[in-house]
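# A structural walkthrough
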Amino acid sequence: MGSNEQTYVDEAFKTNWIAPLGPNVNLFEDAIQNYINNDVHVAALSAGTAAIHLALEILGVSHGDEVLCQSLTFSASANPIKYLGADPIFVDSERDTWNISPELLEKAIKDRIAKGKKPKAIVAVHLYGMPYKVSEVQAVADKYGIPVIEDSAEALGSTYNGLKCGSFGEIGILSFNGNKIITTSGGGALVTKNEDHKKKAVFLATQARDEAPHYQHSHVGYNYRMSNVLAGIGRGQIEVLDDRVAARRSNFEFYKASLGHLEEIEFLSEPNGYFSNRWLSCILTTSYEMRERIRYALLEDDIESRPLWKPMHMQPIFKTSPNYSDGTSEDLFDRGLCLPSGSNLEKRDLERIVALIIKELTK
Ligand SMILES: *Cc1c(COP(=O)(O)O)cnc(C)c1O
């Protein structure tokens, strides 16, 4: 936590706004809007997953529809497609950003259209904080008239050509889950330039109550609004977001400066115009065996590191879903490792991690 979260939470208690609405919710939305850019409208929600669910629904996705989704991601990017009875179609990554490949995306769209169905939406992800190829992906999306849901759950604070992530899709989503760069313990947001999308999101997130003195419903609704208590935490967290980005980037820079000379280890650099919040510091090793050697060397000293996200097209739950893969995400999954990346890591922690890796590689 930063320094003001407790103050804002206390305000919720003092004013007795212990509800999924209230001044903190509105002020948190304003703060996010201010941070991203003032053209956007923000709906604070109970989770990033809820935001993706609502985004899909607002874009008209329903039973039997197809939705294109980056395969190399966390399962929460894809699960909401299933909530709606729609079918995810997975698309592999390119090597410059590890995100959805514009070429494979176009190939997938053409093939799905040829097979009789035009996909309803595209879920593209800024993985580990690195922006996807926004212009190239948007060009493909525009060519076929398919809206993009920008999964920016890991990329708050990242920018592409100077503009903040979260502002590029027809709808963007953010997460404030406990593991993200800033947190409300659990929480998320839907971000959009279209004010009607925001209104629809708030309507659906608050049980879809029609305007009437009694309880009247003509849509299925959800209980997805953010708590006013948690929004108090969010107000404090957004004040320290830039500090968190600086801390995460400095972790990455330390790892790169200390390990970059080793031929067994590669780092993903920022293409021109890309700025990553470096939510997690990841490395690519030379092989699966090498990655496991490093992972176990750290584990022996009680340090946790983790393989990259396992691609969705390799997951048992999605094994029957179509996928357009060229082996890139499988290779990244085999050889990639997320190193300890917390904003509160101290220099001696980083030095200890680096020393263990160097020791293992020079054995
Ligand atoms: C965390 C995450 C989500 C889901 O956000 P929650 O707030 O945890 O529901 C979605 N997509 C990606 C890529 C994530 O990392």
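In short, a report on the structure. (Residues numbered from 1 in each chain as written. Predicted model: local features only at pLDDT ≥ 70, side-chain atom pairs only at ≥ 80, totals over all residues. Heavy atoms only, no water.)

The next subject is the sheet that holds strand E5 (residues 148-151). Strand order in the open sheet made by the 8 strands is E1-E9-E8-E5-E4-E2-E3-E14, with mixed pairing throughout. One side of each edge strand has no neighbouring strand; the edge strands of this open sheet are strand E1 (41-45) and strand E14 (323-324). Against the sheet, helix H2 (residues 23-36) touches E1, strand E8 (171-175) and strand E9 (188-192), its axis set at about 135° to E1. (Pairing = 2+ DSSP bridges. Helix = DSSP H or I, 4+ residues; strand = E, 2+ residues; numbered from the N terminus. Contact = heavy atoms within 4.5 Å. Axes fitted to C-alpha atoms, helices over the stretch in contact; angles between N-to-C directions.)

Bringing the site of the ligand into the picture now. The environment of the ligand is formed by 15 residues, the closest being Thr49, Asp151, Glu154, Ser175 and Lys180. For the ligand, an oxygen atom lies 2.7 Å from a polar atom in the side chain of Ser175. For the ligand, the protein covers 95% of the area, taking 380 Å² as the surface of the free molecule. Broken down by class, the residue content of the shell around the ligand amounts to 5 nonpolar, 7 polar and 3 charged. (Near = heavy atom within 4 Å. Polar contact = N/O pair within 3.5 Å; in protein donor to acceptor, adjacent residues only side chain to side chain. Areas by Shrake-Rupley, 256 points an atom, 1.4 Å probe, with all protein chains shown as cover. Nonpolar A, V, L, I, M, F, W, Y, C, P; charged D, E, K, R; others polar.)

On to the pattern of salt bridges, then. Summed over all chains, the structure comprises 19 salt bridges. The shortest N-O distance in the salt bridge between Glu11 and Arg235 comes to 3.2 Å. In this pair, Glu11 is assigned in helix H1 (residues 5-14) and Arg235 in helix H8 (residues 228-239), connecting sequence segments 224 residues apart. A salt bridge links Glu292 to Arg291; the shortest N-O distance between them is 3.0 Å. Taken individually, Glu292 and Arg291 each receive the classification buried, so the pair is uniform in this respect. Via salt bridges that share partners, Glu29, Lys198 and Arg225 belong to a single interconnected network. (Salt bridge = Lys/Arg side-chain N within 4 Å of Asp/Glu carboxyl O. Buried < 20%, exposed > 50% of the residue type's maximum accessible area, 1.4 Å probe, protein only.)

Purely geometric stuff here, so don't read any function into it on its own.
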